[in-house]
Amino acid sequence: MDTIENKIIKSERVANATLLVGTHAESLKQQALLFAKKLNCLEAAGCNACNACKKIEKNIHPDVIWIESQGESIKIEPLRELQRTLHLKPYEGRWKVVIIDGAQHLTLAASNSLLKILEEPPAQTTFLLLAPHAENLLSTITSRCQRIRLSDAPPPNLDDIENLNSLLSLPVSLEERFQLAIEISKDDETFQKTLEIWTLWYHDLLFYKQGLSPFESPLHQKAALAQTQIRTQSISTLYDKLKTVLETQKTLKHYQVNRQWLAEHVVTQLSLGTSPA
Ligand SMILES: [Zn+2]
């Protein structure tokens, strides 16, 4: 559960370096592409249709630099090459995005070269390091990165959840909230499943809030609702709500508590600051 903390970006601004971890290399690449588009899109939204987005997709955008392993390792040469050009302003975009795909393959010399760059991060440049596990990298590097972990867990099945919309939107009136609390706490299994969905939902909202999209999230079809919700809630509010859900999961698992009382508490906390539907 501790790693959940690491999944989240706690600042509103673009970080100097982000470590994206996950065991599906292709998902990591897709996420990196989305991020690069979001930062340099001419429509400012990662539209996939503008010139910048198209160039990034085709890997011909001059400000999106991919560094990949040649054979078994990423040697120091591409890092040296990078160092020579990093002081230059972005050519076309707002941001230079350096994506190191397979960062676990950085040789020690290359790692040290990267570390030197990260110690004095160039302006308007952001680094994305992709790797299966954070432990594959030097801790001096990972400590300079914010960390996002893509989920490897199988997503919950949403088809048999009748009240999904009201779970995600949360009712405005007290009576309806009370009713919802009764519904979700009718048995342990329903309650646990509901908490899993909320975990996923607030995790997704935090992704959206940073301009990333949660890759292959089962809640993907609720993107419009997510956009409405992130407009009215700050990162710290969403983060607090995610924490509330995680704490409720722990409480439910480890303590003898009145389920309905716990459900009322969590519904009330999650309803804070949401605007009427
Ligand atoms: Zn675009």
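Just so it is clear, the structure is predicted and the values come from calculations on it, not from any experiment. (Residues numbered from 1 in each chain as written. Predicted model: local features only at pLDDT ≥ 70, side-chain atom pairs only at ≥ 80, totals over all residues. Heavy atoms only, no water.)

Undergrad: What is the right way to read the overall build of the protein from this model?
TA: Check the secondary structure of the protein and you find 12 helices and 5 strands. Counting over 277 residues, the protein shows a buried share of 46%. Taking contacts inside the protein between residues at least 6 apart in sequence as the whole, the part at least 24 apart equals 75%. When the accessible area of the protein is evaluated, it comes to approximately 14,500 Å², of which 50% is carbon and sulfur surface. (Helix = DSSP H or I, 4+ residues; strand = E, 2+ residues; numbered from the N terminus. Buried < 20%, exposed > 50% of the residue type's maximum accessible area, 1.4 Å probe, protein only. Contact = heavy atoms within 4.5 Å. Areas by Shrake-Rupley, 256 points an atom, 1.4 Å probe, with all protein chains shown as cover.)

Undergrad: Is there a simple way to think about the sheet that holds strand E4 (residues 125-131) in this case?
TA: Within a sheet, neighbouring strands are paired by backbone hydrogen bonds and run either parallel or antiparallel to one another. A sheet is described by the order of its strands in space; here 5 strands give the open sequence E2-E3-E4-E1-E5, paired in parallel fashion. At either end of the open sheet lies a strand with only one pairing partner, and these are strand E2 (64-68) and strand E5 (146-149). Averaged over all pairs of adjacent strands, the angle between their axes in this sheet comes to 20 degrees, without regard to strand direction. Where helix H5 (residues 108-119) meets the sheet, it contacts strand E1 (17-21), strand E3 (96-101) and E4, and its direction lies at approximately 145 degrees from that of E4. (Pairing = 2+ DSSP bridges. Axes fitted to C-alpha atoms, helices over the stretch in contact; angles between N-to-C directions.)

Undergrad: Looking at this model, I keep getting lost on the packing of helix H9 (residues 188-209) against helix H12 (residues 259-271). Mind explaining?
TA: To characterise two packed helices, one gives the angle between the axes of the helices and the distance between these axes. Interhelical geometry of H9 versus H12 gives an angle of 20 degrees and a closest axis separation of 12 Å. As far as their axial angle goes, H12 and H9 are roughly parallel. Where H9 crosses over H12, the two elements pack in a sense that is left-handed. For the pair H9 and H12, the contacting residues are Asp188, Phe191, Trp198 and Tyr202 in the first and Arg259, Leu262, Ala263, Val266, Val267 and Leu270 in the second. Among the residues forming the contact of H9 with H12, the class breakdown is 8 nonpolar, no polar and 2 charged. (Parallel < 35°, antiparallel > 145°, perpendicular 65-115°, else oblique. Left-handed = near helix turned anticlockwise from the far one by under 90°. Nonpolar A, V, L, I, M, F, W, Y, C, P; charged D, E, K, R; others polar.)

Undergrad: I keep staring at the nonpolar core and nothing clicks. Help me out?
TA: One recurring pattern in soluble globular proteins: nonpolar side chains tend to sit buried together. Ranked by internal contacts, the top residues of the largest apolar core, which has 32 residues, are Ile184, Phe191, Trp198 and Tyr202. When residues of this core are assigned to their parent elements, the largest contribution, 9 residues, is made by H9. Once residues lying within four places of it in the same chain are set aside, the contact partners of Trp198 are Leu167, Leu170, Ile184, Val245, Val266, Val267 and Leu270. Ranked by size, the runner-up nonpolar core spans 24 residues in total, among them Leu19, Leu86, Val98 and Ala134. (Core = buried A, V, L, I, M, F, W, Y, C linked by side-chain atoms within 4.5 Å.)

Undergrad: Whenever I open this one, the confidence of the model for the protein confuses me. Can you help?
TA: Within the protein, residue pLDDT values average 84, and 89% of them lie at 70 or more. Predicted confidence is poor over residues 1-12, with pLDDT under 50, and the contacts of this stretch with residues over four places away or in other chains come to 25 contacts. (pLDDT = per-residue confidence, 0-100.)

Undergrad: So what exactly am I meant to see when it comes to the pattern of salt bridges here?
TA: Between side chains of opposite charge, a pair can form when the charged atoms approach closely. Counted under the stated rule, the structure contains 6 salt bridges. Here Arg84 ties to Glu81 by a salt bridge, and the two come within 3.1 Å at their closest N and O atoms. Note that Arg84 and Glu81 are positioned in helix H4 (residues 76-85) at a spacing of 3 residues, about one turn of the helix. Here Glu81 falls in the partly exposed class, since its relative accessible area comes to 43%. One salt bridge in this structure joins Arg259 and Asp188, with 3.3 Å as the shortest N-O distance. (Salt bridge = Lys/Arg side-chain N within 4 Å of Asp/Glu carboxyl O.)

Undergrad: What is the right way to read H12 from this model?
TA: Count 3.6 residues to each turn of an α-helix, and residues three or four apart come out pointing the same way. In a regular helix each residue adds 1.5 Å, so 13 residues correspond to 18 Å; H12 covers 18 Å between its end C-alpha atoms and thus fits that length. Among all positions in H12, only Leu262, Ala263, Val266, Val267, Leu270 and Ser271 are buried. One side of H12 holds all its buried residues, which, seen down the axis, span an arc of 160 degrees. Looking at the buried positions of H12, the neighbouring elements they touch are helix H8 (174-184), H9 and helix H11 (235-254). Positive backbone phi, at 75 degrees, marks Gly273, one or two positions downstream of H12. (Expected span 1.5 Å × (residues − 1). Arc of directions from axis to C-beta.)

Undergrad: Explanation requested: the environment of Arg147 in the structure shown.
TA: Secondary-structure assignment places Arg147 in strand E5. The class of Arg147 is partly exposed, set by a relative accessible area of 29%. Once the C-alpha coordinates of Arg147 and Ala17 are considered, the two residues, 130 residues apart in sequence, prove to be 8.8 Å apart.

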